[in-house]
Amino acid sequence: MNSTDCECKGMSPGAAVEPLSRLSGVFAVHKPVGWTSADVVRKIRAVLCTEMRGRGAQVKLRSIKLGHGGTLDCRAAGVLVLGLGKGTKQLHNLLNTTQKRYIAEGLLGKATDTYDTGGEITEEKPFDHITEDILRQTMDTFRGEQMQVAPIYSALKVGGERMSDRVRRGETVEAKPPRPVVVHSLELLSFNPPHFQLAVTCGAGFYVRSLVHDLGHAVDSCAHMTSLCRVQQGLFTLQQALPLERWTLPDIEAAVHI
């Protein structure tokens, strides 16, 4: 079988219509650290194609309509909502209207150009003066409607290209103007300097990396994000999201919501 085509023979042309039409809706997977959102889409599309072939269906890889409802950074893990078939039409609403909840860990005293562990250290400042009370009080100013500057290492586009791609080519890229975002809730889960852990529920377009970066400066130090897990997107929780070992046709069939 050609991996780029995945055309499966042995049945009439109409044999693939029934399984593809039945697989229509949205579902969630648990994206592992190190995978891009596009990696997940490619993997699951290939799994569906191969396993449909195993059932005797005739199907081409490119005929499987599949997309994701909001990029999750490569270094992040957690809930990634996917749309399959007609479910891809629901992804726009999921991306722009649903709340998302994250658990993030940060490190005080060091800032990076990517705002996470993937970048170069750009700043180091003392953090001994920061107490749990100071951090909690400062967090109060980050709740509600905010204006946020997105990282230049991001999927936002300039001239049709991702900002991060341009920066990695050595081009000079200016940060986009602050954008309106909403933080519905922000909790400090643990504080063990220089480490701290946050839970944040936010709306569309919000960058948790920027929150950690900005919070570090707000307490007269600096910080970067060391880990991130999306634990909920809309109605989908981490408990409902299919882990890697369950990215199979039967599990996806059972998980799809129309």
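Conventions used here
Residues numbered from 1 in each chain as written. Predicted model: local features only at pLDDT ≥ 70, side-chain atom pairs only at ≥ 80, totals over all residues. Heavy atoms only, no water. Buried < 20%, exposed > 50% of the residue type's maximum accessible area, 1.4 Å probe, protein only. Helix = DSSP H or I, 4+ residues; strand = E, 2+ residues; numbered from the N terminus. Pairing = 2+ DSSP bridges. Phe/Tyr/Trp six-rings, centres within 6.5 Å; stacked < 30°, edge-to-face > 60°. Expected span 1.5 Å × (residues − 1). Salt bridge = Lys/Arg side-chain N within 4 Å of Asp/Glu carboxyl O. Polar contact = N/O pair within 3.5 Å; in protein donor to acceptor, adjacent residues only side chain to side chain. pLDDT = per-residue confidence, 0-100. Contact = heavy atoms within 4.5 Å. Core = buried A, V, L, I, M, F, W, Y, C linked by side-chain atoms within 4.5 Å.

Draft legend 1. Structural detail: the pairing of strand 12 (residues 223-233). Burial of strand 12 is extensive: eight of the 11 residues sit out of reach of the surface. Of the strand pairs in this sheet, strand 3 (residues 77-84) and strand 12 are connected by two bridges, and their pairing is parallel. Across the sheet, A77 pairs through a bridge with C229, a residue of strand 12. In this sheet, strand 12 lies alongside strand 4 (residues 100-108) in antiparallel orientation, the contact comprising nine bridges.

Draft legend 2. Seen up close, the packing of aromatic side chains. Scanning the model with the defined rule gives one aromatic pair in all. Pairing W35 with W247 gives two aromatic rings, centres 5.4 Å apart and planes at 85 degrees, and the pair type is edge-to-face. Highlighted residues: W35 in the loop between strand 1 (25-31) and helix 2 (37-54) and W247 in the loop between strand 13 (236-237) and helix 7 (249-255), separated in sequence by 212 residues. By relative accessible area, W35 is classed as partly exposed at 22%. For W247, a relative accessible area of 4% puts it in the buried group.

Draft legend 3. Broad picture of the environment of H92. Relative to the helices and strands, H92 is located in helix 3 (residues 91-97). Assessed through its relative accessible area of 55%, H92 is described here as exposed. Separated by 22 residues in sequence, H92 and G70 have C-alpha atoms that sit 8.7 Å apart.

Draft legend 4. Spatial organisation of helix 2. Compared with an ideal rise of 1.5 Å per residue, which puts 18 residues at 26 Å, helix 2 spans 26 Å between its outermost C-alpha atoms and is within 8% of the ideal. Those residues of helix 2 lying buried are S37, V40, V41, I44, R45, V47, L48, C49 and M52. Note on helix 2: the residue one or two positions beyond its end, G56, has a positive phi of about 95 degrees.

Draft legend 5. Representation of the pattern of salt bridges. Throughout the structure, instances matching the rule amount to eight salt bridges. Between E132 and R136 there is a salt bridge, with the nearest N and O atoms lying 2.9 Å from each other. With E132 and R136 both in helix 4 (residues 132-139), this residue pair falls four residues apart, about one helical turn.

Draft legend 6. Up close: the side chain of Q148. Along the chain, Q148 falls in strand 7 (residues 144-148). Here the side chain of Q148 touches Y207 through a polar contact of 3.0 Å, landing on its backbone nitrogen.

Draft legend 7. Quick peek at the confidence of the model for the protein. Per-residue confidence for the protein averages 87 on the pLDDT scale, and 87% of its residues sit at or above 70. Across residues 1-18, where pLDDT falls below 50, the model places 30 contacts with residues more than four positions away in sequence or in other chains.

Draft legend 8. Quick peek at the nonpolar core. F27, I44 and F196 are the most contacted members of the largest nonpolar core, which totals 50 residues. Of the residues forming this core, the biggest block, six residues, is contributed by helix 2. Setting aside residues no more than four positions away along its own chain, I44 makes contact with F27, V29, L66, L82, W247 and I252. V26, A28, F236 and A241 belong to the second-largest nonpolar core, a separate cluster that totals eight residues.

Draft legend 9. Looking closely at unusual backbone geometry. Note that the residue after P193, namely P194, is joined by a cis bond; omega there is 10 degrees. Residue placement: P194 occurs in the loop between strand 10 (179-192) and strand 11 (195-202). One non-glycine residue with positive phi stands out, namely Y115, at about 70 degrees. Here the phi dihedral of D220 falls at roughly 60 degrees; this positive angle occurs in a residue that is not glycine. The residue D220 is located in the loop between helix 6 (208-218) and strand 12 in this model.

Draft legend 10. Fine view of the environment of G87. One can find G87 in the loop between strand 3 and helix 3. Owing to a relative accessible area of 0%, G87 belongs among the buried residues under this scheme. Once the C-alpha coordinates of G87 and G25 are considered, the two residues, 62 residues apart in sequence, prove to be 3.9 Å apart. Among all residues touching G87, those that are not within four sequence positions of it are S24, G25 and V26.

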